[in-house]
Amino acid sequence: MPGEFIDVRVDDEIAKDKALAKKLEEICPVSIFVAETQGLRIDESNLDECVLCDLCLEATPGGKIEIIRLYDNQ
Ligand code: SF4
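In this text the structure is predicted, and so the values were computed from the model without any measurement. (Residues numbered from 1 in each chain as written. Predicted model: local features only at pLDDT ≥ 70, side-chain atom pairs only at ≥ 80, totals over all residues.)

> Sorry if this is basic, but what is going on with the overall build of the protein here?
Counting its regular elements, the protein contains 3 helices and 4 strands. Order of helices (α) and strands (β) in the protein, N terminus to C terminus: β-α-α-β-β-α-β. Here the protein has a C-alpha radius of gyration of 11 Å; the compact-globule value for 74 residues is 11 Å, and the two agree. Burial statistics for the protein: of 74 residues in total, 18% are counted as buried. Here the analysis covers contacts within the protein between residues at least 6 apart in sequence; of these, 57% occur between residues at least 24 apart. (Helix = DSSP H or I, 4+ residues; strand = E, 2+ residues; numbered from the N terminus. Rg over C-alpha atoms; globule rule 2.2 N^0.38 Å. Buried ≥ 20, exposed ≤ 12 C-beta atoms within 10 Å, placed from the backbone. Contact = placed C-beta atoms within 7 Å.)

> Mind showing me how you'd approach the site of the ligand here?
In the vicinity of the ligand, 14 residues are found, and the nearest of them are Cys28, Cys50, Cys53, Leu55 and Cys56. Of the residues belonging to the shell around the ligand, the class tally is 13 nonpolar, no polar and 1 charged. (Near = placed C-beta within 6 Å. Nonpolar A, V, L, I, M, F, W, Y, C, P; charged D, E, K, R; others polar.)

> How should I be thinking about the pairing of strand E2 (residues 33–36) in this particular structure?
A regular strand places its side chains so that they alternate between the two faces of the sheet. Two strands pair when backbone bridges link them, and E2 and strand E3 (residues 39–42) are joined in this way by 4 bridges, in the antiparallel orientation. Residue valine 34 lies in a different strand from E3, and its bridge partner there is arginine 41. Connecting the antiparallel pair E2 and E3 is a turn made up of 2 residues. (Pairing = 2+ DSSP bridges.)

> Help me understand the environment of glutamate 4 in this model?
Tracing the backbone through its elements, the reader meets glutamate 4 in the segment before strand E1 (6–10). Sequence separation between glutamate 4 and threonine 37 is 33 residues, and the spatial gap between their C-alpha atoms is 28 Å. Dropping the residues within four chain positions of it, glutamate 4 is found in contact with Asp48 and Leu70.

> For this particular structure, what's the right way to read the nonpolar core?
Within soluble globular proteins, side chains that are nonpolar generally end up buried alongside one another. Leu24, Ile32 and Phe33 are the most contacted members of the largest nonpolar core, which totals 13 residues. Within the residue set of this core, elements represented by two or more residues are E1 and helix H2 (18–27). Considering each element in turn, this core owes the most residues, 3 residues, to H2. Not counting chain neighbours up to four residues away, the residues in contact with isoleucine 32 comprise Val8, Ile42, Asp43, Asn46, Leu47 and Cys50. (Core = buried A, V, L, I, M, F, W, Y, C linked by C-beta atoms within 7 Å.)

What follows is the structure in structure tokens.
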């Protein structure tokens, strides 16, 4: 089920990057990113746990991940 308050969008190009998927899985404190054999999967059941720490944004090259705050349209 999608998040009610937060959505995370990932560029298709980096979703296939297995090394980055593993890194994101390790750094997200609330386990939103899951590294699978095909690449990155978003665990939608955890989206609303996002603490807006920006660690995933810092770990990913230029704007390939977006954290969307659904509650204020940012
Ligand atoms: S901002 Fe932090 S908590 Fe939210 S998805 Fe990125 S790493 Fe996870």
